Amino acid sequence: MKAKHLLAAAALAVLFGGQARAEDATLDLVGPIADYKIYVSENLQKLVSDTQAFTDAVKAGDVEKAKSLFAPTRMSYEAIEPIAELFGDLDASIDSRADDYEAAEKDPAFPGFHRLEYGLWEQNSTEGLAPIADKLMADVNELNGLITNLTLPPEKVVGGAAALMEEVAATKISGEEDRYSHTDLWDFKANFDGSQKIFELVRPLIEQKEGDFVKKVADNFATVDTTLAKYKDGEGYQLYDKLSEEDRKVLATAVNTLAEDLSTLRAKLGLS
Amino acid sequence: MSRHPAPKQPVDNTRRRLLLGAGAAAGSVLVPGAAQAEAAAARHHVTDAPTGDASFADRWPFYGEHQQGVTTPRPASGMIASFDVLAQTPGDLEALFRGLTERLVFLTQGWTPPELDPKLPPPDSGILGPVVAPDNLTATVSLGSSLFDDRDWLKPLKPKKLQRMTKFPNDALDAGICHGDLVLQFCANRPDTTIHALRDVLKSMPDKLLLRWKQEGTVPVIPPNPDGRVESARNLLGFRDGSANPDSGDSIVWVGEAHDEPAWAVGGTYQAVRIVRNFVERWDRTPLGEQERIMGRRKPSGAPFNGHTEFDEPDYTKDPDGKVTAHDAHIRLANPRTAESRKNLILRRPFNYSNGVTKSGQLEQGLLFICYQADLEAGFITVQRRLNGEPLEEYLKPIGGGYFYVPPGALSPGDYVGRTLIEAAREGKASPT
């Protein structure tokens, strides 16, 4: 397989000169993609064990324990969301919001993390949540199996850096993701980390040629880190409503700029 | 106001009139005539009304076998307004239909509101001036499933395929902008004309109709090509929309005797409305090559990958493996162009909408999708099912709309839209009211 690629790249180099760089870049990505696969696997393992503890607490009727496990459990999902989203049905089942259903929270079809969040925070109860918890656990296990057997498409991995920022920009920066628990800053942190991980893995491939770009992106990630660090609270983060208007604007600007800049990352790596 | 008084006689060649109407607005901007240039030199204020001469000449007949606004060429502005109907008896519903028809005739044919005692509120909002010119206005009445479901005497008359719109997997329906007992589609050259029409109806029938939601939209006005051919307008994703629209032939759009529908419904059509938000910031950050792969067309020309213009037909028989046009490209899923898929053709008549900013600070804009078909199941619902899971979904979120039935047209003065339904209801009742 690899030899074939090399051959093709060599042939292209002869035929098209400059265009062959795209092929070279694809080959260069083999290492970063393999490393990313490990990152995904680690997050998946953590997601499975955390979801087990979280859903166990829900089923045991332990509202306080379940509440304390909700936000940290979500982080390993949010970090690898672009890969999880390759399985759209499961993503909808695990992480959709009340807005996705016409009858909102009252809709019997409303599933997953946010349905449990609604019960725990808005109703301060685990009543009726056991089947939803079981389904979430089953979905997470299924996702784990599917992703473990998946060959990660390079354009999806590299595109994932931007996709994570798009998610934050379109539907998270407003604090509407975790609207009952207001633990949005945990999600932000995981989304940024997931995006930054991809960027850092491919960074050596473009550092030389794209120094200004690399610096600008790295600076924006640093701005996000510094801003979020202000809200660190123990192992996690303060509630979204503690986020100052000024810092919200700083984060929103960083997200938009990262989304713009990272949208060119695929092209810079020769991916279509 | 106009230096070229519009002819007072309606022009009845519909096609020619459309070209005049659509061309007039674009022409006045793009190729100013000598007279306009003189006028501009003489007097120019930034708040001057934009000049154009669409007026009484731009008028569509209201009466006919079918309602207007379905196969009528689409002008630049459109609006869907959805209402709750208060009528509970055939008599009340007839009064609504008659009153509504009367207003829609005035509005689409043009009229001069009377001068009243200034101590009274004016009879007309006045936003189009003292003389209300039709400005190409069409008004199309349609009926929702709930109108029938909530009235025992209407239940047996519900069109067979009419149903409450339910969620497709990628939908995030907002109950506040879904469904309705009765819908009005207004289309005109200018948005002010559709707003005027809505305000007239609201003012005229407050005891009969309660506004639920509305959505306005526009399409860009473009001049025809030198050869007279008009290209399809672009949507807010920057792609031409409507290239493969079928000719508005009878069999696709209008319910006839052969369709398994109640007799009163013959001459009508099903209307599907969808408010489809576009994530335009994200789309604008997507590589051009991917945008084109997702759509299945070239962005600048609108041509399929095996053609040169948007009117060239994609040939999938030569591309069974999806190497030219991916199997999950939007146009290939929507219309696979097989003998079998011909019965799923729909007549699209969409408008672009732009509503402001979301909570997250992104643009709230997209497509006010409207389509017509003689069979809702074989048409929109089947097409949308094929599109479920398409790559374009990442950039779309359907948030509102509904399914409605457009009853046949009012035939002549004295007739009214909805008559065949009222008559059928009366026939079905032992003691009509």
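Residues numbered from 1 in each chain as written. Chains lettered and ligands numbered in written order. Predicted model: local features only at pLDDT ≥ 70, side-chain atom pairs only at ≥ 80, totals over all residues. Heavy atoms only, no water.

Now for the nonpolar core. Counting 75 residues, the largest nonpolar core has A:Y36, A:F54, A:F192, A:L262 and A:L265 as the members making the most contacts within it. With 67 residues, the next largest nonpolar core counts B:F97, B:C178, B:Y270 and B:Y405 among its residues. (Core = buried A, V, L, I, M, F, W, Y, C linked by side-chain atoms within 4.5 Å. Buried < 20%, exposed > 50% of the residue type's maximum accessible area, 1.4 Å probe, protein only.)

Where charged atoms from two side chains of opposite charge approach closely, those side chains can pair. One pass over the structure, following the stated rule, counts 53 salt bridges over all chains. We note a salt bridge from A:R179 to A:D99, for which the minimum N-O separation is 2.7 Å. Residue A:R179 is located in the loop between α9 (154-172) and α10 (184-206), and its partner A:D99 is located in the loop between α6 (88-95) and α7 (112-122); the two are separated by 80 residues in the primary sequence. The exposure class of A:D99 is partly exposed, given its relative accessible area of 31%. Salt-bridge contacts for B:D260 lead to B:K160; the nearest nitrogen and oxygen are separated by 3.2 Å. Linking B:D260 in the loop between α6 (250-253) and β5 (269-278) with B:K160 in the loop between α4 (145-149) and β3 (182-188), this pair joins segments that are 100 residues apart in sequence. By relative accessible area, B:K160 is classed as exposed at 51%. Among the charged side chains, a salt-bridge network with shared partners connects A:R74, A:E78, A:E81, A:D95, A:R97, A:K172, A:E176, A:E177, A:D178, A:D187 and B:K359. (Salt bridge = Lys/Arg side-chain N within 4 Å of Asp/Glu carboxyl O. Helix = DSSP H or I, 4+ residues; strand = E, 2+ residues; numbered from the N terminus.)

A few words now on unusual backbone geometry. Residues and elements named next belong to chain B. Its identity is not glycine, yet D135 carries a phi of approximately 55 degrees, on the positive side. Among the secondary structure elements, D135 is positioned in the loop between α3 (90-109) and β2 (138-144). Taking relative accessible area as the criterion, D135 reaches 2% and is therefore assigned buried. A positive phi angle, near 65 degrees, is found at H179, a position not held by glycine.

This next bit is on the side chain of A:K67. All names here are of chain A. Counting through the fold element by element, K67 comes out in helix α4 (residues 63-79). Among buried charged residues, K67 stands out as having no salt bridge; its nearest opposite-charge side chain is E64, 4.1 Å away. Of the polar contacts made by the side chain of K67, one reaches the side chain of N124; its length is 3.0 Å. Apart from residues lying up to four places away in sequence, K67 is in contact with L120, W121 and N124. (Lys, Arg positive; Asp, Glu negative; His and termini not counted. Polar contact = N/O pair within 3.5 Å; in protein donor to acceptor, adjacent residues only side chain to side chain. Contact = heavy atoms within 4.5 Å.)

Moving on to the side chain of B:N352. Residue and element names in this part refer to chain B. Position of N352 relative to the elements: it lies in strand β7 (residues 351-357). Polar side-chain contacts of N352 include one of 3.0 Å to the backbone oxygen of R234. Aside from chain neighbours lying at most four places away, what touches N352 is E216, G217, T218, P220, R234, N235, L236, G366 and L367.

Here the focus is the interface of chain A and chain B. Contacts between the two partners involve 20 residues from chain A, matched on the other side by 18 residues from chain B. In this assembly, chain A packs against chain B so that about 1,600 Å² is buried in total across both faces, 40% of it on carbon and sulfur atoms. Broken down residue by residue, the surface that chain A buries against chain B is led by A:D100, A:E102 and A:E166, which jointly contribute 36%. Where chain A touches chain B, the interface holds five salt bridges. Put simply, B:E290 and A:R266 hold a salt bridge, and the shortest N to O gap is 2.3 Å. Linking chain A with chain B are nine residue pairs in polar contact (both at pLDDT 80 or more), by the criterion used here. Elements represented by at least two residues in the side of chain A that touches chain B include exactly α9 and α12 (245-262) of chain A. By residue number, the principal contributor to the side of chain A that touches chain B is α9(A), which donates seven residues. Taken together, the residues that form the side of chain A that touches chain B break down as six nonpolar, five polar and nine charged. (Buried area = accessible area lost by both parts, 1.4 Å probe. Nonpolar A, V, L, I, M, F, W, Y, C, P; charged D, E, K, R; others polar.)

That's the geometry; what it means functionally is another story.
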